[in-house]
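Commentary on secondary and tertiary structure
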Amino acid sequence: MIKFTNVFKAFPKGGLALKDVSFHVAKGEFAFLTGHSGAGKSTVMKLIYAEERPTSGDVRVSGYNVNEMRPREVPLLRRKLGIVFQDFRLLEDRTAEENVAFALEVTGARSSTIPARVMRVLTQVGLAAKAQAYPRELSGGEQQRVAIARALVNEPTVLLADEPTGNLDERATRGVFQLLRDINASGTAVVMATHDLDLVRQAPYRVIELQEGALVYDSSVDEARDQATGGGP
Amino acid sequence: MNLTFREAMLTFKRAPLLSVLSVTTIAFSLFVLGLFGLVVVNLQDALHGVEERVEVVAYLLPGAPIEATAQALKDIEAFPEVQSATYVSEDDALARARAELVELRDVMQELERNPLPASIEVKLKPGFRDTDHVSAVAERLRGFGFVDDVRFGRDWVEKLDRLRGLAAAVGIVVGAAFAVVAIIIIGTTIRMAVLQRSREIAIMRLVGATDGFIRRPFLLQGAIKGLLGGGVAIGLSFAAYLLINRYLLQSAFFTQEQAAAIVAFGAVIGLVGSAMSVGRHLKRV
């Protein structure tokens, strides 16, 4: 599904954003990507959605090879991904419903199918009643739910969430995290970058930790090693 | 297409001031082009009028035999370049001189003898009223034995030719210059629109919109602005034409086809300007 093999990424002005990063996220998996600010989490995300290309090494996502992709293939990859950001990135002059519909319209979905699909995902994120609200009329948690609905509406195989709870209070954080867990439970792989360690400890999910661009911890590798040696922590 | 149109229209709604500004700048550059176009149109008309008067006059020797002259008239009218040939007798010439040269009327009255020669005035067909053809006809007229002298105002004809060439050249140069200015202006407004909508464009990209899809509303928007600008320019030119007609001189306006061509030209430069700008700036967003 997502496979990084010995990935290096240089900053344009010198220095390395990523140093020899390798990991594999399987279909339907939930993985946390943790680390301090500047550790390289966002760079990993950008490589996954082909906003950036690796300087060396191999990045494969949903059957696409990000290294060798032609520019016109990038939109096709992104239609298989749902992407959520800390700052929601909603269009302020459109309602919740229009924001979600927008994601379908730009990919050329049949217009007759759009309203039903939009309502289904808005219901899924618990915002059906606020479909006509503009982003400014919604709380941070609600705005993030709209963003998640927009990410889901194209039925992605992977949901990428880059610090999705970074701007939210504790209660909204719990709600959004629970929503991501529900989405994962229905079969969508989720990669969530976060530095909220409380959140990470709450759930029994895989943790990939970056430090200054290097992968320093991967719980699945540890588990595999633990299983191989027959020992426990 | 529906969506493209809606997105293009949204820009007008969201940034009305910027849109009005760009339509206005386009309108004014096309208006200047239109004014120049009016000058060319009217100059052409004027040249046409002058051209009609291009004629070759063969002055006859005194006492030229009338039968030979009549035969010569027929021969001359058979020349492929010739539209008409008219015989002007000595008396006709004097009568005309009296009528036209009012200042000299008194002098003319006192003449004891008519000093004016008879002549044959030859008018050429349209398309043959340039130096080469006129000279050729003049040369042939000289071949008649009873012709004393042939005048056709060579300088006049040559000047006319040069003026026409100059008008066309200046028209092309000024037209091209203003087209470039309009393209740059449209490019700039599209650049502003792209920057203004950079957030939206980034979101479109994230959800998997193709570059073509993102570009289309901008192209349509450029074309519409060009079209509106062209329409306004025609309106302004018409107003200018009315004013000129009223206070300065009788002039002509564009034909419907010419007006439509200016509006279409506006749409084309709108499209070209936005196409050149949008690709470049989308990369930077």
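Residues numbered from 1 in each chain as written. Chains lettered and ligands numbered in written order. Predicted model: local features only at pLDDT ≥ 70, side-chain atom pairs only at ≥ 80, totals over all residues. Heavy atoms only, no water.

**A word on the packing of helix α3 (residues 96-105) of chain A against helix α4 (residues 114-124) of chain A**
All names here are of chain A. Following both chains from N to C, one finds α3 and α4 inclined at 125 degrees, their axes separated by 9 Å at the closest point. Here α3 lies oblique to α4, going by the angle between them. Judged by the sense of rotation from one axis to the other, the crossing of α3 with α4 is right-handed. Between α3 and α4, the contacting residues are Glu97, Val100, Ala101, Leu104 and Glu105 on the first element and Ile114, Arg117, Val118, Met119, Val121 and Leu122 on the second. (Axes fitted to C-alpha atoms, helices over the stretch in contact; angles between N-to-C directions. Helix = DSSP H or I, 4+ residues; strand = E, 2+ residues; numbered from the N terminus. Parallel < 35°, antiparallel > 145°, perpendicular 65-115°, else oblique. Left-handed = near helix turned anticlockwise from the far one by under 90°. Contact = heavy atoms within 4.5 Å.)

**Re the confidence of the model for chain A**
Summary statistics for chain A give a mean pLDDT of 91 and a share of 95% for residues scoring 70 or more. Confidence scores differ between elements of chain A, with helix α8 (residues 219-229) of chain A showing the lowest mean pLDDT of 69 and strand β8 (residues 189-193) of chain A the highest of 96. (pLDDT = per-residue confidence, 0-100.)

**Observations regarding the domain arrangement of chain A**
Quite often, the size of an interface is put as the accessible area lost when its parts meet. Residues and elements named next belong to chain A. One can read the domain layout of chain A as domain 1 (1-80 + 156-233) and domain 2 (89-155). Relative placement of domain 1 and domain 2: their C-alpha centres are 25 Å apart. Summing both sides of the interface, domain 1 and domain 2 together bury roughly 1100 Å²; the carbon and sulfur share of this comes to 70%. Among the residues domain 1 hides against domain 2, the three largest losses belong to Arg79, Pro156 and Leu179. Together they make up 49% of the total. Summed over the shared surface of domain 1 and domain 2, the result is zero salt bridges. Summed over the shared surface of domain 1 and domain 2, the result is one residue pair in polar contact (both at pLDDT 80 or more). Tallying contributions element by element places helix α6 (residues 170-185) first for the side of domain 1 that touches domain 2, with six residues. The residue inventory of the side of domain 1 that touches domain 2, partitioned by class, reads nine nonpolar, two polar and one charged. (Domains from an automatic or database assignment. Buried area = accessible area lost by both parts, 1.4 Å probe. Salt bridge = Lys/Arg side-chain N within 4 Å of Asp/Glu carboxyl O. Polar contact = N/O pair within 3.5 Å; in protein donor to acceptor, adjacent residues only side chain to side chain. Nonpolar A, V, L, I, M, F, W, Y, C, P; charged D, E, K, R; others polar.)

**Quick notes on the side chain of Thr188 of chain A**
Residues and elements named next belong to chain A. When you line up the elements, Thr188 lands in the loop between α6 and β8. According to the relative accessible area criterion, Thr188 is buried, its value standing at 11%. Ignoring any residue separated from it by four or fewer positions in sequence, one finds Thr188 in contact with Gly28, Glu29, Pro156, Thr157, Val158, Leu159 and Ile183. (Buried < 20%, exposed > 50% of the residue type's maximum accessible area, 1.4 Å probe, protein only.)

**Concerning the environment of Met9 of chain B**
Structurally, the position occupied by Met9 of chain B is in helix α1 (residues 2-14). Taking C-alpha positions, Met9 of chain B is 18 Å from Gly187 of chain B, a pair spaced 178 residues apart along the chain.

**Regarding the side chain of Ser29 of chain B**
Within the element layout of this structure, Ser29 of chain B appears in helix α2 (residues 16-52). For Ser29 of chain B, the residues in contact, after removing those within four places along its chain, are Phe178, Ala182 and Ile185 of chain B.

**Some details on the sheet that holds strand β2 (residues 82-88) of chain B**
Residue and element names in this part refer to chain B. Taken together, the four strands give an open sheet; going across it, the order is β2-β3-β1-β4, and neighbouring strands pair in antiparallel fashion. Either end of the sheet is taken by a strand with one partner, and the two such strands are β2 and β4 (147-151). Recorded for the sheet is a direction-independent mean angle of 20 degrees between the axes of neighbouring strands. Where β2 and strand β3 (residues 119-124) come together, six bridges link them in antiparallel fashion. Residue pairing across strands places Ala85 opposite Val122, the latter belonging to β3. (Pairing = 2+ DSSP bridges.)

**Looking at empty space enclosed by the protein**
Considering all chains together, one arrives at one cavity of 30 Å³ or more under this definition. Estimated volume of the largest cavity: approximately 110 Å³. Surrounding the largest cavity, Arg78, Leu81, Gly82, Ile83, Phe85, Ala103, Arg150, Ala151 and Asn154 of chain A together with Ile203, Leu206 and Val207 of chain B form its lining. For the lining of the largest cavity, the secondary-structure elements that each account for two or more residues are β6 (81-85) and α5 (140-152) of chain A together with α8 (198-206) of chain B. Counting residues per element, the lining of the largest cavity draws most heavily on β6 of chain A, which supplies four residues. Its residues assigned to classes, the lining of the largest cavity shows eight nonpolar, two polar and two charged. (1 Å grid on protein atoms, 1.4 Å probe; cavity = no way out; pocket = protein on both sides within 12 Å on 5 of 7 lines; lining within 4 Å. Points joined across faces, edges and corners; volume = space filled by probe spheres on them.)

**Here's the deal with the interface of chain B and chain A**
With 16 residues of chain B in contact, the opposing surface of chain A contributes 19 residues. Contact between chain B and chain A buries roughly 1500 Å² in total, counting both sides, with carbon and sulfur atoms accounting for 59%. It is Ile203, Leu206 and Val207 of chain B in chain B that bury the most area against chain A; as a group they hold 40% of the surface buried on that side. One can count two salt bridges joining chain B with chain A. Residue Arg6 of chain B is joined to Glu105 of chain A by a salt bridge in which the shortest nitrogen-to-oxygen separation is 3.2 Å.

**Considering the domain arrangement of chain B**
The domains assigned to chain B are domain 1 (2-49 + 161-284) and domain 2 (55-151). Here the C-alpha centroids of domain 1 of chain B and domain 2 of chain B sit 53 Å apart.

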